[in-house]
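# Overview (structure and organization)
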Amino acid sequence: MTAPVRSSAAVRIWPALGLIVATMVLYLVLAMPNHPLALAPDILLVFPLELPVIAIGLAVLPPSGKATTAIRAGIVAFLVVLTLLKAADFATFATYNRGFNPVVDMHLLPAAWNLGSGTVGTFLASAIVLGALVCIVALAMILWWATGRWARLEAKGWLRTSGALALLPLCAVAVAEIGAAMRHWSLPVDMPGAAFTTRVAVERAEMLSQTVTRLRTFNEAAATDPYADAAPLFDLITDRDVLLTYIESYGASSLTNPRYAPTHHATLRQIEAELSGLGLAMRSGWLEAPMIGGQSWLSHATLSTGLWVPDQRTYGAALISGRKSLFHLAQQNGFETVAVMPAITMDWPEADFMGFSEVYEATDLGYGGLPFNWVTMPDQFTLSALDRLVLDGVPGRDRPPVFAQVALISSHAPWTPVPELVPWEDVGDGQIFNAAAQSGDPPEVVWRDRDRVRDQFRQAIDYSLRTVGNYAARRADDPPFMIVLGDHQPALFVSEDAGRLVPIHVIGPATLVDRFADWGWNPGMLPDTDVPVIKMDDFRNRFLATFSTANVTP
């Protein structure tokens, strides 16, 4: 019996369908955006100029052989890597309002794992990671198949010659579009599409080059410090404790976005009225942080070293540069320098470079209560531990004044649940917060609704502000000099503000606080909109000049 013979039409249709599907795969991969704002149906109407180059280039190659296999492998690797870069861009644009920098952002992967596993659980986070790896392998296999469909066309004769000749102008059009899009030159006509994926590759190459150059310049700047050997410093503060207190994710949007401003304006006015009644002075202003959305330690380093530290690689360079931080200089001038860091749960070798004589990490603070998901302990417990371990210490024991960095983290994502203030005398080992830690919906429920996430963020920031105000009132009889500021804006979808401004408030005796009048900062707890903005890296030297009699020319 003879085998059935497929019709000639079927023989023609199936290869044609395969070629169409292969073309669609390449089209979608090349058209994939790298920014949340580009997620719109009309993105598919922008023709990828690389597509004809890839398709015709494969068609004019021999259908088999080492050269063809190598070229296909190169195309597949290029597209897979660029797809991953675009996905990484998407994530960092949504979170930090900037593109992904492979040189400096690889450390975000373990940070994302820690946050993700703490938010949705280790099992689900592992499943997500495994699913992502499967998707990468599947993408490579699909692209290998798609490039194979075009390679098997095996153009011959005049078609092969014409295709090969067409590659040069097609590549020229793609290059011209990339240069115009990156503003290297202008074109007299509109391009018929965009070489977007290749442009992402070119931008990353430029970014890497610029990063290396910036780091070299940074190291040179770090070696020059007019305050390194100056004296006396901080002598106008006398014996007052200084508390440099960061509120996580407290950015300008908390005071300007209509979602949040009414709540926080009312809270800050209430704090201002209470503290004024207790004889404390206050002034407020704006700082420009080096990033948004996360990586608080970059702001900490920028402010304390007086160097602009916008990414992890620069952060590493700052630590090893030998630049003296505010804490080094405070220690040299009679202060006990302390870091109270409730978010630090693992080894923190960077602490050795920051100038702290003592570091209190999460396990050192004595918290016996339940965590608030990723947040290890409420802000009120952190400040209570600051009193117990540092400021009050051993009764009757003399101590030098303290210059402390305190990181408050109750306003860190996932912002659920939100603690409530309790009487300070009832804080104890923190078990009083257990009921609050188990209240409300878990993050995996809250985060299904972006408006719910934003409202939880509002509540968390307000808790942190009320806690700080309550703490300042509690210590008003012998007030420390408090510098309270945000570290950065929250993620862009929460802030709805791409700016990098953060509020800063100074609280304490009028003799100290009024010195900030020369900075243009207004009295009270609400910074005026027209207050001059100070970059965070300028704070160190201006602060030293304001509170020191050393004769220094910055």
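Scope of this entry: the structure provided in the associated data block. The structure displayed is predicted, hence computed values, not measured ones.

What follows deals with the pattern of salt bridges. For the structure shown, the criterion picks out 17 salt bridges. Note that D89 and R204 form a salt bridge whose closest N and O atoms lie 2.3 Å from each other. With D89 in helix α3 (residues 66-96) and R204 in helix α7 (residues 196-222), the pair connects residues that are 115 residues apart, well separated along the chain. We note a salt bridge from E496 to R454, for which the minimum N-O separation is 3.8 Å. Residue E496 is located in the loop between α18 (492-495) and β7 (501-508), and its partner R454 is located in helix α17 (residues 450-474); the two are separated by 42 residues in the primary sequence. The exposure class of R454 is buried, given its relative accessible area of 11%.

So, on to helix α5 (residues 122-151). With 30 residues, α5 extends 43 Å between its outermost C-alpha atoms, agreeing within 8% with the 44 Å of an ideal straight helix rising 1.5 Å per residue. Buried residues of α5: A125, L139, L143, A146, T147, G148, W150 and A151, and no others.

Right, let's get into the packing of aromatic side chains. In total, this model carries 23 aromatic pairs according to the counting rule given. Seen from their ring centres, F516 and W519 are 4.7 Å apart, and the 65° between their planes marks the pair as edge-to-face. Overall, the relative accessible area of 5% leaves W519 in the buried class. Ring geometry for F516 versus W521: centroids 5.0 Å apart, planes at 5°, classification stacked. Residue F516 shares its accessibility class with W521, and that shared class is buried. The rings of F234, F327, F335, F356, F403, F481, F516, W519, W521, F539, F543 and F547 are connected pair by pair, giving a single aromatic cluster. Between the NZ or CZ atom of R72 and the centre of the ring of W144, over which it lies, the distance is 3.7 Å.

Thresholds, definitions, all that
Residues numbered from 1 in each chain as written. Predicted model: local features only at pLDDT ≥ 70, side-chain atom pairs only at ≥ 80, totals over all residues. Heavy atoms only, no water. Salt bridge = Lys/Arg side-chain N within 4 Å of Asp/Glu carboxyl O. Helix = DSSP H or I, 4+ residues; strand = E, 2+ residues; numbered from the N terminus. Buried < 20%, exposed > 50% of the residue type's maximum accessible area, 1.4 Å probe, protein only. Expected span 1.5 Å × (residues − 1). Phe/Tyr/Trp six-rings, centres within 6.5 Å; stacked < 30°, edge-to-face > 60°. Lys NZ or Arg CZ within 6 Å of the ring centre and 35° of its normal.

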